[in-house]
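Here are the chains, one letter per residue:
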Number of protein chains: 2
Amino acid sequence: MSLRYALLALLRVGPLSGYDLQKQFSLSVGHVWHAPDSQIYPELRKMETEGLIEGEEQTRGQRGTRRVYHVTDAGQSAYAEWMRSPLDYQRVRDPAHLRAAYLENTTPEAARAFLHGHVSEWQSEREQWEQELRRIDARDNPMLVRRLAVTPEADHERTVAFKRFAYEGLVERANGEIAWARRGLELVDRLDGPPDDGRNSPPSRGDSQA
Amino acid sequence: MSLRYALLALLRVGPLSGYDLQKQFSLSVGHVWHAPDSQIYPELRKMETEGLIEGEEQTRGQRGTRRVYHVTDAGQSAYAEWMRSPLDYQRVRDPAHLRAAYLENTTPEAARAFLHGHVSEWQSEREQWEQELRRIDARDNPMLVRRLAVTPEADHERTVAFKRFAYEGLVERANGEIAWARRGLELVDRLDGPPDDGRNSPPSRGDSQA
DNA sequence: TCCAACATGTAAGGTGTTACATGATTTA
DNA sequence: TAAATCATGTAACACCTTACATGTTGGA
């Protein structure tokens, strides 16, 4: 249910087309909330029928058109209300921790592969978020620049501070996940001996029934 | 796609009915992976048609029946293969950090309410996971006890160690989220002054257009 | 006899993924 | 004229949520 509010947050800065929004979702906002175009276009249509946004058909060249949306008063209210409402937290459903809880059922090699994968997954996420933090500091993000342009000078600090706050949280989470997986690798070493260097095999373990 | 592997992980310990499994999902495993009964029963039927498990109809009293499932060889292979396969990480879609990134669009009160909510949500999650850690240490969890009973003595340490590892990771994540939200509360204080104690109002902010 | 627990589902709808489909415009 | 980018979708399917639906059994 957050997709529409992510869209509203972007549209509040100024009118954009579905294509523009989709770009944001594969760049800046996409680091917090991913959505493919196949989800964005229908959602915009739905939001329009519900009166949260209004689209204006623009011509592009001879025959081309693009539909540019802006937020209505109803949309502004809906956004404000969402901001005031408590977040509904989803029930936990965590594939990585699920697998971690059953690593004794596989080989040390598979356990290590999983944990290495976890490290590199979160390293690459962290890299994205750190890059976004640098962009925020350098005011090098088109949406943020547009946003600040329509925000009173006195609120610039707030605006930037909350963006930083969000991305710092994500970086810290990534750090936590990486540290956890590294501890997992140490655990595998301790339980099953150091990784096979290809010359001799550690005692075979894992795959024991149940 | 992890639901079936969570079910297989439980069934590998010994045959269980849909009802038994559903209990586990609202207790032990449910702290890592939640699933309602309306999802479990159909999934079991589907897994049976795919040959991963086999169900045996048992009578209960005069007319009652229960269907007890056990893992087939194909199911064992599928589980082992899943354990060896890389985890597919979902694209980030994080309502809390999404909202955090736009907290300048609301009142300090609403921002504080959100952050307090985040703290208490993760505190309550953490409490669950810490309790599960205590249960693991005390061998006070029926599934773990059954599991250890069918596991060679030499593998008990491994089994317990990976369970601990998984839940420790969740506790650490909760700690991270709580610390982050508390820093957010300090940020709001710094930006908008301390919370209204009901006697005088801090300078009104937020809800600035765009 | 009533209630808690046992036991198993269906139905409707929302959300998200992947693949497919189509065409216009701009730039090299 | 070819390729990149602009622009907007549909279709099928998987997964998950919430609510509804139904009956049995064992114990107080």
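Residues numbered from 1 in each chain as written. Chains lettered and ligands numbered in written order. Predicted model: local features only at pLDDT ≥ 70, side-chain atom pairs only at ≥ 80, totals over all residues. Heavy atoms only, no water.

As named in an unreviewed UniProt entry, chain A is DNA-binding transcriptional regulator, PadR family, taken from Microbacterium pygmaeum.

This part takes up the sheet that holds strand E3 (residues 64-71) of chain B. All names here are of chain B. Strand order in this open sheet of three strands is E1-E3-E2, and the pairing throughout is antiparallel. At either end of the open sheet lies a strand with only one pairing partner, and these are strand E1 (16-17) and strand E2 (53-60). Sheet topology note: the E2/E3 ladder contains eight bridges and is antiparallel. Considered in E3, the bridge of Glu57 is made with Arg67. (Pairing = 2+ DSSP bridges. Helix = DSSP H or I, 4+ residues; strand = E, 2+ residues; numbered from the N terminus.)

Before going further, it helps to spend a moment on the protein's contact with DNA strand C. DNA strand C sits among 24 residues. The nearest are Gln62 and Arg63 of chain A together with Tyr19, Arg60 and Arg67 of chain B. In DNA strand C, the atoms that sit within 4 Å of the protein are 76% sugar and phosphate, with bases accounting for the remainder. In this structure, a phosphate oxygen belonging to DNA strand C sits 2.6 Å away from a main-chain N or O atom of Gln62 of chain A. Looking at the surface near DNA strand C residue by residue, the classes come out as five nonpolar, 10 polar and nine charged. (Near = heavy atom within 4 Å. Polar contact = N/O pair within 3.5 Å; in protein donor to acceptor, adjacent residues only side chain to side chain. Nonpolar A, V, L, I, M, F, W, Y, C, P; charged D, E, K, R; others polar.)

Looking now at the sheet that holds strand E3 (residues 64-71) of chain A. As summarised here, the arrangement of the three strands in space is E1-E3-E2 (chain A), forming an open sheet in which the pairing is antiparallel. Both outer strands of the open sheet, strand E1 (16-17) and strand E2 (53-60) of chain A, are each paired with one neighbouring strand and no more.

Moving on, we come to the relation of the copies chain B and chain A. For the pair chain B and chain A, the best superposition has an RMSD of 0.0 Å and corresponds to a rotation of 180° with a translation of 0.0 Å parallel to the axis. Taken together, the rotation and translation describe the operation of a two-fold axis. Taking the C-alpha atom as reference, chain B places Arg173 of chain B closest to the rotation axis, 3.5 Å from it. Interface overlap between copies is the fraction of interface residues in one copy that are interface residues in the other; for chain B against chain A it reaches 100%, indicating a shared surface. (Least-squares fit on C-alpha atoms with pLDDT ≥ 70 in both. Contact = heavy atoms within 4.5 Å.)

This next bit is on the interface of chain B and chain A. Chain B puts 80 residues into the contact, and the matching count from chain A is 80 residues. For the pairing of chain B and chain A, the buried interface totals around 7,700 Å² over both sides, and the portion due to carbon and sulfur atoms is 57%. The largest share of the area that chain B buries against chain A comes from Arg99, Arg158 and Phe165 of chain B, three residues that together contribute 11% of it. Counting across the interface, chain B meets chain A through 16 salt bridges. Where Glu177 of chain B meets Arg173 of chain A, a salt bridge forms, and the shortest distance between an N and an O atom there is 2.9 Å. Counting across the interface, chain B meets chain A through 44 residue pairs in polar contact (both at pLDDT 80 or more). (Buried area = accessible area lost by both parts, 1.4 Å probe. Salt bridge = Lys/Arg side-chain N within 4 Å of Asp/Glu carboxyl O.)

All names here are of chain A. Turning to helix H7 (residues 142-149), its buried residues number three or more, namely Met143, Leu144, Arg147 and Leu148. The arc enclosing the buried residues of H7, seen along the axis, measures out at 130°, which places them on a common side. Residues Pro142 and Ala149 are exposed on H7 and point more than 90 degrees away from its buried face. Contacts from the buried residues of H7 go to helix H1 (3-11), E1, helix H2 (18-26), helix H6 (108-137) and helix H8 (156-192). For H7, the N-terminal capping position is held by Asn141, with its side-chain oxygen 2.9 Å away from the main-chain nitrogen of Met143. (Buried < 20%, exposed > 50% of the residue type's maximum accessible area, 1.4 Å probe, protein only. Arc of directions from axis to C-beta.)

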